[in-house]
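Next come the chains, spelled out residue by residue.
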Amino acid sequence: MNTQRISAIFEKDLKDFMKNMMLLMMPIIPIVLAVVYSRLGEGEELPLVVIYIVVGVIFSAVTTSIMMTMMAEENEKKTLRGLMLSPASFLDIIIGKSLVTGLMTLITLVISFSIIGFGPILNIYTIIGLFLLFLFFLFLGIGIGLFSKSIASTSAYMMPVMFLFGFTPMIEFLGLPEGSFGLKLADNFPLMQVMKVSDTGSWLPLGVVTIWVIGAALFTLICFKKTKTDD
Amino acid sequence: MDYAIEVQGLKKAFHQNQVINDISFQVKKGEIFGFLGPSGSGKTTTIKILTGELVQKDGYVKVLDVHSQKFSRANFRSRIGILSDNSSLYERLTVYDNLKLFCKLYHAPLEQIDVILHEVDLVDARKKIVSKLSKGMKQRVLLAKALIHQPEIVFLDEPTSALDPGNMAHIHRGLQKLNEAGTTIFLTTHDMEEATLLCDRVAFLNKGELQEMGSPEELRYKYSTHAFHVETFDGKKLIIENEAKNGDKIRDLIVNDRVKSLHTDKPTLGQIFLKVTGKELV
């Protein structure tokens, strides 16, 4: 790992991000959603489910989507090859890109929460939970981006990520019977676990989210190994 | 002998398809070495192995005294430069920003950007967005990118393919200057004129096998029929074998002032390639 190389990749990706309309539009989606939901609340504090739908959209539409699109574009334009053949390591490249994605996620979170209110997230458990969620969605973005050969193909992968992991709290609106398999399964998904942390202030759900993060990291590692062995 | 590249018994297969089949060669330090062959002959695969992009299992490969197992290390990558046929640039960024990125990745001083832009004659384009450049200019930026850290050896995979003669000449001049400064150049091309102009030695690769190697001059001599080609003022074209018994015949032509031109037969590299492999270079 080399800080000068990481900062070079960060600087390049930030400049490139600012000139990429497609990526610049990504943070707009959750911010607009936050504005719409804040209007519905008519001054009252929003239900936790609604707040976590915004959080889910931020992480899927900003964190995963930006990372995935940046990686896929590097693959499609063959610029990733140039970076890989330079003295920069894969870790330098990923950290540089993750810092840009992290910065954009943080800005979107701050703007969205300043609209819907910071109240529900201002505790250490939730902040750790949100950080773990960031890592989970980031690893998904890196992994999918590595095997996506074009930007166009990322939209096909984006949908399941968004519906499964970004919109998980919406399962409550589907009217499934209490104790059903679908509800039990969704209850263990990372976003629902962080929601539980906000609600109960317990450490246990953070353990479950950590397992999801490890799983996503392994997924990224497998995708990396696969791209390395693709002759 | 100081070698920049040493390859012994190199083989590479993709699934059942043997792409490189037991090739061996050495490239001396400071040499321009041309690796010539038609599309699909294994040139790009060889370059990918020599630069560490592909891993080989069979054979011995050393570049700048570094064994192929250590090609992924940063200090090896800092010593080589690569320009391949599918190298590309960040299209939304300026020429300067593209070169700045690689300057920083290679820990080269930023002043080097202006030096290299001057060498590829792109000083006026430094603030231009890459997507607005012509193909020839982009290729010169790619060459600048490959050379920004002053590598000891440069691998160039078809550096002038599809370029107009002006841009091609620009790149050729740049490569000659680079070589004069001591940089070793490993060049793949199927342009025989380019190889003849630039290379100290060439190797012919066909179906993954090395079929001939030597300096263009040596090869042209080796495959020459050594006959004299004579054109007379009355329009006759004669081929006279280079044998003692034909001495008088040639002398008579000269004495009688009939010779418009006289030269020995020297085939072009393209003709030699055709002779050796039975294939034209396309």
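Per chain, the residues get numbers from 1 upward, laid out in the order the sequence is written. Throughout, the order in which chains and ligands are written sets their labels, letters from A for the former and numbers from 1 for the latter. Where local features are concerned, this predicted model is filtered to residues with pLDDT of at least 70; where side-chain atom pairs are given and counted, the filter is 80 or more; whole-chain, interface and lining totals use all residues. Computation of side-chain values covers all heavy atoms of the structure but excludes hydrogens and water.

Draft legend 1. Up close: the domain arrangement of chain B. Domain ranges listed in this record stem from an automatic or a database domain assignment. As far as domains go, chain B holds domain 1 (1-79 + 151-215), domain 2 (85-149) and domain 3 (225-265). Look at where the C-alpha atoms of domain 2 of chain B and domain 3 of chain B centre, and you get two points 53 Å apart.

Draft legend 2. Quick look at the UniProt feature "domain: ABC transporter" (unreviewed entry) in chain B. Mapped onto this numbering, the UniProt entry annotates "domain: ABC transporter" (unreviewed entry) at residues 5-232 of chain B. Strand forms 29% of residues 5-232 of chain B and helix 33%; the C-alpha atoms that close the span are 49 Å apart. UniProt positions are given in the numbering used here, feature names are shortened, and annotations may be inferred rather than shown by experiment. Secondary structure counts use DSSP, requiring at least four H or I residues in a row for a helix and at least two E residues in a row for a strand, with both numbered from the N terminus.

Draft legend 3. Structural detail: the UniProt feature "transmembrane region" (unreviewed entry) in chain A. All names here are of chain A. The sites that carry the UniProt feature "transmembrane region" (unreviewed entry) are, in the present numbering, residues 21-40, 46-69, 90-118, 124-147, 159-183 and 203-224. Secondary structure across residues 159-183 divides into 44% helix and 0% strand, with the first and last C-alpha atoms of the span separated by 20 Å. In residues 203-224, helix accounts for 95% and strand for 0%; the two terminal C-alpha atoms are 32 Å from one another.

Draft legend 4. Representation of a nonpolar patch on the surface. Residues and elements named next belong to chain A. A surface patch of nonpolar side chains, about 580 Å² in accessible area, is lined by Met21, Met25, Ile28, Val32, Val36 and Leu40. Counting only elements with at least two residues in the nonpolar patch, the list comes to helix H2 (21-25) and helix H3 (28-40). With 4 residues, H3 is the single largest residue contributor to the nonpolar patch. Under the relative-accessibility criterion, Val36 is labelled partly exposed at 42%. Here, patches come from residues exposed beyond 30% relative accessible area and free of salt bridges, joined within 9 Å for like charges and within 5 Å for nonpolar side chains (Val, Leu, Ile, Met, Phe, Trp, Tyr). Only the protein chains shown count as cover for residues, and all accessible areas are computed by the Shrake-Rupley method using a 1.4 Å probe. A pairing counts as a salt bridge when a side-chain nitrogen of Lys or Arg comes within 4 Å of a carboxyl oxygen of Asp or Glu. Buried residues are those whose accessible area, probed at 1.4 Å on protein chains only, stays under 20% of the maximum for their type, while exposed residues exceed 50% and partly exposed ones sit between those limits.

Draft legend 5. Structural view of the packing of aromatic side chains. Only rings of Phe, Tyr and Trp enter the pairing, Trp through its six-membered ring, and a pair is recorded when the two centres are within 6.5 Å. The plane angle decides the type: under 30 degrees is stacked, over 60 is edge-to-face, the rest tilted. All told, the structure shown has 22 aromatic pairs over all chains when counted by the stated rule. Judged by centre distance (5.8 Å) and plane angle (15°), the ring pair of Phe59 of chain A and Phe137 of chain A falls under stacked. Placement of Phe59 of chain A in helix H4 (residues 48-76) and of Phe137 of chain A in helix H7 (residues 124-147) is noted, with a sequence separation of 78 residues between them. A residue is classified by how much of its surface remains accessible, and Phe137 of chain A, at 0% relative accessible area, is buried. Ring geometry for Phe155 of chain B versus Phe186 of chain B: centroids 5.7 Å apart, planes at 50°, classification tilted. Remark: Phe186 of chain B occurs in strand S8 (residues 184-189) and Phe155 of chain B occurs in strand S7 (residues 153-157); sequence separation between them is 31 residues. Accessibility assignment for this pair places Phe155 of chain B and Phe186 of chain B in one class, buried. Put simply, the rings of Phe59, Phe136, Phe137, Phe165, Phe189 and Trp212 of chain A touch in pairs and so form one group of aromatic residues.

Draft legend 6. Main features of helix H1 (residues 3-18) of chain A. A rise of 1.5 Å per residue sets the reference length of H1 of chain A, with its 16 residues, at 22 Å; its end C-alpha atoms lie 22 Å apart and thus fit the reference within 8%. All of the buried residues in H1 of chain A are Arg5, Ile6, Ala8, Ile9, Lys12, Asp13, Asp16 and Phe17 of chain A. Along the long axis of H1 of chain A, the arc covered by the buried residues comes to 160°, so they all point the same way. Should any heavy atoms of two residues lie within 4.5 Å, those residues are counted as being in contact. Contacts from the buried residues of H1 of chain A go to H2, H4, helix H5 (79-84) and helix H6 (90-116) of chain A together with helix H2 (74-77) and helix H3 (95-105) of chain B. N-cap assignment for H1 of chain A: the residue whose side-chain oxygen lies 3.0 Å from the backbone N of Gln4 of chain A is Asn2 of chain A. Here a helix's expected span is defined as the number of its residues, less one, multiplied by 1.5 Å. Summarising the geometry, the arc corresponds to the directions from the helix axis toward the C-beta atoms. Any pair of nitrogen or oxygen atoms within 3.5 Å is treated as a polar contact; in protein, a donor-acceptor pairing is required on top of that, and neighbouring residues in sequence qualify only through side-chain atoms on both sides.

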